[in-house]
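Coordinate analysis (summary)
Letter by letter, the chains look like this.
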Amino acid sequence: MRAARYLLRSAVRGLLTLLLMQGWSPTLSTFWNTPAWTLTTDVFFYALFPWLVMLRRPRTRNRIVWSLLAFWCLSFILPALYTLLKLDGDPHPGRYSNGLWLRFIKFGPLQHLPSFLFGMALASLNDLIPERSRLRIALGIGAFSALYVVLYFGSHMPYLFMHDGLLMPLYGMVVLALAGRNFIARLFSIYPLIVIGEASYCLYILHFNVWLFLHDDTHIIERAGLLRFDPWLSYIIIVSFAVAAMYLVERPGQRWIKRWLHGAPIPAMPPSVP
């Protein structure tokens, strides 16, 4: 009976994961592959987008900036409530903390809706700033500098707020800088970085399990006597694996889906006979 319940529970977990619905359950959100919880959030946002894009939105630069600030503040509501009420009894939640309410706030799609709305407003703001504007350069330099300082002292930052939107304005400033025509965008336009950028989703989805495979499952780097080159060796392996997955899995899969959605290409008509 216990084995049957275990098999049934595993089947339900697997089915929800395949349907990209695991993120709605705090206990199942990281089943199989931890970063894949974001796929549930992506599906939720894609479903909402046709309705959200039809809503009336601010058109002036000042109003858009105020809306960005409002969405940023909204992202703090649940983390602040969790911290004040100590819902899981942990007064200082960190990366390795675990609790039902903590998992709900970290992985639940609703909590990340403000960041999606922030992104939509940021796209509107981007349209109002000339591509060659010096403002983009200033925002980029300021954002990259601030991110370096924040990440350097990352262990002292409030973890839950960092996880759920604290750096949203800085990332937005980076996006605005890279969306323009300036030396910052050119710096990130060298071919190796372009390839890594195109493989970024593969890198995100696969990095956690590949790291576990290298260090916890096989200890292959340690056994090979190469531990002194870590973590950089692991980074190179993970990025290479992601790039290979992009070329061997992601892009062929995209082509297959396009053919499936649009049907087989129409063959060329034979030349007419006089």
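First, a word on scope: everything that follows refers to the structure included in this document. (Residues numbered from 1 in each chain as written. Predicted model: local features only at pLDDT ≥ 70, side-chain atom pairs only at ≥ 80, totals over all residues. Heavy atoms only, no water.)

**Concerning unusual backbone geometry**
Asp 230 connects to Pro 231 through a cis peptide bond whose omega is 10 degrees. Along the chain, the position of Pro 231 falls in the loop between helix H13 (220-223) and helix H14 (232-262). The phi torsion at Leu 20 lies on the positive side, around 60 degrees, for a residue other than glycine. For Leu 20, the position within the fold is in the loop between helix H1 (2-18) and helix H2 (37-52). (Helix = DSSP H or I, 4+ residues; strand = E, 2+ residues; numbered from the N terminus.)

**Some words on the pattern of salt bridges**
Tallied over the full model, the rule gives 2 salt bridges. Among the ionic pairs, Arg 181 bridges to Glu 131, the shortest N-O distance being 2.7 Å. Residue Arg 181 is found in the loop between helix H9 (168-178) and helix H10 (183-187), and its partner Glu 131 is found in the loop between helix H6 (113-127) and helix H7 (134-152); the two are separated by 50 residues along the sequence. For Arg 251, the salt bridge goes to Glu 198, with nearest N and O atoms at 2.8 Å. Separated by 53 residues along the polypeptide, Arg 251 in helix H14 and Glu 198 in helix H11 (residues 191-198) bring together distant segments of the chain. (Salt bridge = Lys/Arg side-chain N within 4 Å of Asp/Glu carboxyl O.)

**Comments concerning the packing of helix H4 (residues 77-85) against helix H5 (residues 100-107)**
At a closest axis distance of 10 Å, the pairing of H4 and H5 adopts a crossing angle of 165 degrees. In this view, H4 runs roughly antiparallel relative to H5, as classed from their interaxial angle. The element H4 and its partner H5 pack so that their crossing is left-handed. Seen from H4, the contacting residues are Leu 78, Pro 79 and Tyr 82; seen from H5, they are Trp 101, Leu 102, Phe 104 and Ile 105. Considering only residue class, the contact of H4 with H5 consists of 7 nonpolar, no polar and no charged. (Axes fitted to C-alpha atoms, helices over the stretch in contact; angles between N-to-C directions. Parallel < 35°, antiparallel > 145°, perpendicular 65-115°, else oblique. Left-handed = near helix turned anticlockwise from the far one by under 90°. Contact = heavy atoms within 4.5 Å. Nonpolar A, V, L, I, M, F, W, Y, C, P; charged D, E, K, R; others polar.)

The quantities given are spatial measurements derived from coordinates; they are silent on function.
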